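# Descriptive structure summary
Below are the chains, spelled out letter by letter.
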Amino acid sequence: MSVPVTVLCGELGAGKTTLLSALLESTDREIAVLVNDVGSVNVDADLVEARTDLRTGEEVVALENGCICCSLGGELSRSVIQLWKEHDFEYLVVEASGVGEPEPIARQFVRGPAGGPYDLDAVVTVVDARRFHDRFAAADAVDGATDDAAVAGDGPPVRPERQGPDESGSRPLGDLLLEQVEFCDLLVVNKCDLVTDAERERVVGILETLQPRAEIVTTEYGSLDPDALLESGRFDLEAAAESAGWKRAIEADADESDGSDHDAAGHEHDHGDGSHESDHGDDDHAHPPERYGIVVDTYHRRRPFHPERFEALLADLPAGLVRAKGLCWIAGRERQAITMSYAGTATTLEVTGRWIASLSEERQDQYREAQDDLSWDEEWGDRETRLALIGRDLSMDDLQARLDDCLLTDAEMDADWSTFENSAPTGMGESVTVSSDE
Ligand SMILES: Nc1nc2c(ncn2[C@@H]2O[C@H](COP(=O)(O)OP(=O)(O)OP(=O)(O)O)[C@@H](O)[C@H]2O)c(=O)[nH]1
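Its UniProt record, at the heading Catalytic activity (unreviewed entry), says of the protein: "GTP + H2O = GDP + phosphate + H(+)".

Pasting the structure below:
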């Protein structure tokens, strides 16, 4: 019988080890732990060991050589398979490094060699309530406004600070943190002793929007009923991969517009009151919990951004924006489909594919036949910008208008786009980060 596994993620210092120690103390079950710490000193393994009867080298295994996701194919699978062969235990918990992406780890247990002896039960992300609030929910903290009188607070323009491309491939921490939130089954909001009730509720509200599928629990010092963490049977790879709030918003928008209702500039929405008005009628999770002033919107245009104006906007995004993600079309990058990802303080632009319209006619036909719902413009093909925007106490109208100001004007549409100053990435996988952090 395969051994159930829980993967524990969360940013550095969120409280993963504390949660794990509390779990080991509160259950009689034989749990093996795989700890991955950043750097060579496995403080976490020592700590877990000190709190339990398990000994490092036996049931507590420490991956010493860096990050789990960097050594996925090899060390992680080898370690867990060896563990399974040599020891008798009922359950495995993998504490992932604070800088790891959960999806590749989860895939190892579903599709990789570790999928044989193991059965992935849940991916749990621990969130530091205090830090999450300050980073994503405290747009109002700037001017000391009270909980309910939040102000979006457009700060002074900040010069773009580019951080990439980065040889190590590392991305802004906020981006990784939100990926951990967006790909999980259970969100543990820890350190609730460090936030007020109103702040905690706000954090939960934003998390619900970012990740509508996950269950959310709030804790102090990781104190949680072991049953909430073990054998919940929650994990579903496909559902987890599709569950992010931004993905749902984009899909709902694509279903709604279905390529038919935009003009040349693609203005297909009326955002009269700044909210996303939709008549989907189902339990479409793109809709935010209204009580926290959270708004979810989409931005869809079939006209490219001017690279310099777009970059200037990225360096000066409104404080109330929590998350933005999706594909964008930047003039001068006619082949590159560029994914924009904003998480709290910085935006990464990464080439994640090619526009089908930049391929040979023959290949275009093949792709179009295979994807009959692909929205296609006679002149520009599939090139378009389609972003999900998630914010709090934010005027989506203003943001949409500012994005529109970045689109090429009619005169610029006729200009030579290669003459524009352009720092957008060019090669597949290459990325550029623009910081709006002071
Ligand atoms: N105030 C407060 N502190 C906490 C809480 N949970 C954990 N801590 C403290 O936060 C610090 C970090 O906790 P860890 O459990 O080591 O965090 P971690 O996520 O394992 O950290 P990394 O291994 O660095 O990724 C420790 O000093 C804990 O004692 C909590 O609920 N409230």
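### Description of the nonpolar core
Among the nonpolar cores identified, the biggest contains 100 residues, and Val 7, Val 123, Val 124 and Val 127 are the most heavily contacted of them. Considering each element in turn, this core owes the most residues, 7 residues, to strand E5 (residues 118-128). Both of domain 1 (3-242) and domain 2 (245-435) provide at least three residues apiece to this core.

### Regarding the pairing of E5
Among the 11 residues of E5, 10 are classified as buried, and the element is accordingly described as predominantly covered. Relative to E5, strand E1 (residues 3-10) is paired through 8 bridges, and the arrangement is parallel. Bridging across to E5, Val 3 finds its partner in Tyr 118.

### Some words on the pairing of strand E9 (residues 294-301)
Within E9, 8 of the 8 residues are buried, which leaves it mostly tucked inside the rest of the structure. Here E9 shows no split at all, with Ile 294, Val 296, Thr 298 and His 300 on one side and Val 295, Asp 297, Tyr 299 and Arg 301 on the other all buried. The pairing of E9 with strand E13 (residues 385-392) spans 8 bridges and is antiparallel. Bridged to Arg 301 within E13 is Thr 385.

### Focus on unusual backbone geometry
Glycine aside, a negative phi is what most residues show, and trans is what most peptide bonds show. For Lys 191, which is not a glycine, the phi torsion comes out positive at approximately 60°. Checked against the element boundaries, Lys 191 lands in the loop between strand E7 (186-190) and helix H7 (197-210). If you check the backbone angles, Tyr 221 has positive phi at about 45° while not being a glycine. With respect to the secondary-structure elements, Tyr 221 resides in the loop between strand E8 (215-218) and helix H8 (226-229). Residue Tyr 221 is classed as partly exposed on the basis of its 14 C-beta neighbours within 10 Å.

### Considering the UniProt feature "domain: CobW C-terminal" (unreviewed entry) in the protein
Using the residue numbers shown here, the UniProt feature "domain: CobW C-terminal" (unreviewed entry) corresponds to residues 294-407. A distance of 26 Å separates the end C-alpha atoms of residues 294-407, which is 25% helix and 36% strand.

### Some thoughts on the environment of Glu 95
Topologically, Glu 95 is positioned in strand E4 (residues 91-95). Considering only alpha carbons, one finds Glu 95 and Leu 34, 61 residues apart in sequence, at a separation of 6.1 Å.

### Digging into the environment of Pro 212
For Pro 212, the position within the fold is in the loop between H7 and E8. The spacing of Pro 212 and Gly 245 is 33 residues in sequence and 6.2 Å in space, taken between C-alpha atoms.

### A short note on helix H4 (residues 102-110)
When we look at burial in H4, the residues that qualify are Pro 102, Ile 105, Ala 106, Gln 108 and Phe 109. Down the axis of H4, the buried set is contained in an arc of 150°. They therefore lie on one face.

### A closer look at the packing of helix H11 (residues 307-314) against helix H13 (residues 396-406)
Following both chains from N to C, one finds H11 and H13 inclined at 150°, their axes separated by 8 Å at the closest point. Relative to H13, H11 is oriented roughly antiparallel. In this structure, H11 uses Arg 309, Phe 310 and Leu 313 to contact H13, whose residues at the interface are Arg 402, Leu 403, Asp 405 and Cys 406. Class assignment of the residues belonging to the contact of H11 with H13 gives a composition of 4 nonpolar, no polar and 3 charged.

Cut-off values and rules
Residues numbered from 1 in each chain as written. Predicted model: local features only at pLDDT ≥ 70, side-chain atom pairs only at ≥ 80, totals over all residues. UniProt positions renumbered as here; feature names shortened; annotations may be inferred. Core = buried A, V, L, I, M, F, W, Y, C linked by C-beta atoms within 7 Å. Buried ≥ 20, exposed ≤ 12 C-beta atoms within 10 Å, placed from the backbone. Helix = DSSP H or I, 4+ residues; strand = E, 2+ residues; numbered from the N terminus. Domains from an automatic or database assignment. Pairing = 2+ DSSP bridges. Arc of directions from axis to C-beta. Axes fitted to C-alpha atoms, helices over the stretch in contact; angles between N-to-C directions. Parallel < 35°, antiparallel > 145°, perpendicular 65-115°, else oblique. Contact = placed C-beta atoms within 7 Å. Nonpolar A, V, L, I, M, F, W, Y, C, P; charged D, E, K, R; others polar.

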